[in-house]
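Examining the three-dimensional arrangement
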Amino acid sequence: MSSTVIRAALTADLDRITEIYADAVANGTASYELEPPSRAEMGSRFESLMAGHFPYLVAEKNGLVLGYAYAGPFRPRPAYRFIVEDSVYVAPEAKGQGLGLLLMQALIEAARKAGFRQIVAVIGDGHADSASVRLHEKLGFRHSGSLEGSGYKHGRWLDTVFMQLPLYGGAALPPDPDSLPERRFRESWN
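First, a word on what this report is: a plain description of the structure on this page. (Residues numbered from 1 in each chain as written. Predicted model: local features only at pLDDT ≥ 70, side-chain atom pairs only at ≥ 80, totals over all residues. Heavy atoms only, no water.)

1. Points about the pairing of strand β5 (residues 118–124)
- For β5, a buried count of six out of seven residues is recorded, marking the element as mostly surrounded by other parts of the structure.
- When strand β4 (residues 83–90) meets β5, the two strands line up parallel, connected through four bridges. Its bridge partner lying in β5, E85 is registered against V120.
- Both β5 and strand β7 (residues 156–166) contribute to a ladder of seven bridges, which runs antiparallel. (Buried < 20%, exposed > 50% of the residue type's maximum accessible area, 1.4 Å probe, protein only. Helix = DSSP H or I, 4+ residues; strand = E, 2+ residues; numbered from the N terminus. Pairing = 2+ DSSP bridges.)

Pasting the structure below:
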């Protein structure tokens, strides 16, 4: 019996990550993309996150990537530098096995270690029974808003739910000057 390993994503994982995301785009409503992006586009997105030192993780079992999660910039404006937006996707054959939870727990810890203060989840088709909403609730995220009828996919209107999780006191404490987001900000101004 083998166990699942959560580890940093590598360029070598991108073919499988692209497959997992393609299925989510083509068959699901969590992503509002209508056409699955190419491997080259997924590589570009990956490289952008890596260049920014954002956490990007995979769940691997028996040498096969079964899911992935990453935290990226919430918005490009510098005042948002302490907030990241999470994304988590699990292969269809691995859903319901707790991989999303394992990935998100590791992602939260990686974001915390980097010094981010908030993780925001922007959940497409975020109805109360959605697996993503339930997962984020289980991890302590709170509901912070919604956009009704914000997407149209697979012949129906979809709502978007916003959830957030404060880290290190969230907005109650000043930023850590040694955190990754603050160091990157200072470097960009020098």
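Now, onward.
2. With respect to the packing of helix α1 (residues 14–27) against helix α2 (residues 39–51)
- With their axes 9 Å apart at the nearest point, α1 and α2 run at an angle of 110° to one another. Overall, the two elements α1 and α2 adopt an arrangement that is roughly perpendicular. In this structure, α1 contributes L14, D15, I17, T18 and Y21 to the contact, and α2 contributes R39, M42, G43, R45 and F46.
- For the contact of α1 with α2, the per-class residue count stands at five nonpolar, two polar and three charged. (Axes fitted to C-alpha atoms, helices over the stretch in contact; angles between N-to-C directions. Parallel < 35°, antiparallel > 145°, perpendicular 65-115°, else oblique. Contact = heavy atoms within 4.5 Å. Nonpolar A, V, L, I, M, F, W, Y, C, P; charged D, E, K, R; others polar.)

3. Remarks on helix α5 (residues 180–189)
- For α5, every residue scored as buried is listed here: L180, P181 and E182.
- Of the surrounding secondary structure, the elements contacted by the buried residues of α5 are α3 (99–114).

4. What to know about the sheet that holds strand β3 (residues 64–73)
- Pairing in this open sheet of seven strands is mixed, and the strands run β1-β2-β3-β4-β5-β7-β6 from one edge to the other. The two strands at the open ends of the sheet, each matched to only one other strand, are β1 (5–8) and β6 (142–153). Along the sheet, successive strands turn relative to each other by an average axial angle of 25°, direction set aside.
- Here β1 pairs with strand β2 (residues 56–61) via four bridges, running antiparallel. Within the sheet, the bridge partner assigned to R7 lies in β2 and is V58.

5. Concerning the packing of aromatic side chains
- Here the structure, examined in full by the defined rule, presents nine aromatic pairs.
- Judged by centre distance (6.0 Å) and plane angle (15°), the rings of Y56 and Y68 are stacked. Of the two residues, Y56 is situated in strand β2 and Y68 in strand β3; the sequence distance between them amounts to 12 residues. The two residues Y56 and Y68 agree in class, both being buried.
- Joined through ring pairs, the aromatic side chains of Y21, F46, Y56, Y68, Y70 and Y89 make up one cluster.
- One residue, R81, lies across the ring of F185, its end atom 3.8 Å from the ring centre. (Phe/Tyr/Trp six-rings, centres within 6.5 Å; stacked < 30°, edge-to-face > 60°. Lys NZ or Arg CZ within 6 Å of the ring centre and 35° of its normal.)

6. As for the pattern of salt bridges
- All told, the structure shown has 10 salt bridges when counted by the stated rule.
- With a closest N to O distance of 2.5 Å, E93 and R16 form a salt bridge. Residue E93 is located in the loop between β4 and α3, and its partner R16 is located in helix α1; the two are separated by 77 residues in the primary sequence.
- Accessibility expressed as a relative area gives 47% for E93, which makes it partly exposed.
- On the accessibility criterion, R16 (16% relative accessible area) is buried.
- In this structure, D125 engages R156 in a salt bridge whose closest nitrogen and oxygen atoms are separated by 2.6 Å. Placement of the pair is D125 in the loop between β5 and α4 (131–138) and R156 in strand β7, with a sequence separation of 31 residues. (Salt bridge = Lys/Arg side-chain N within 4 Å of Asp/Glu carboxyl O.)

Function-wise, these values are silent; they only describe arrangement.
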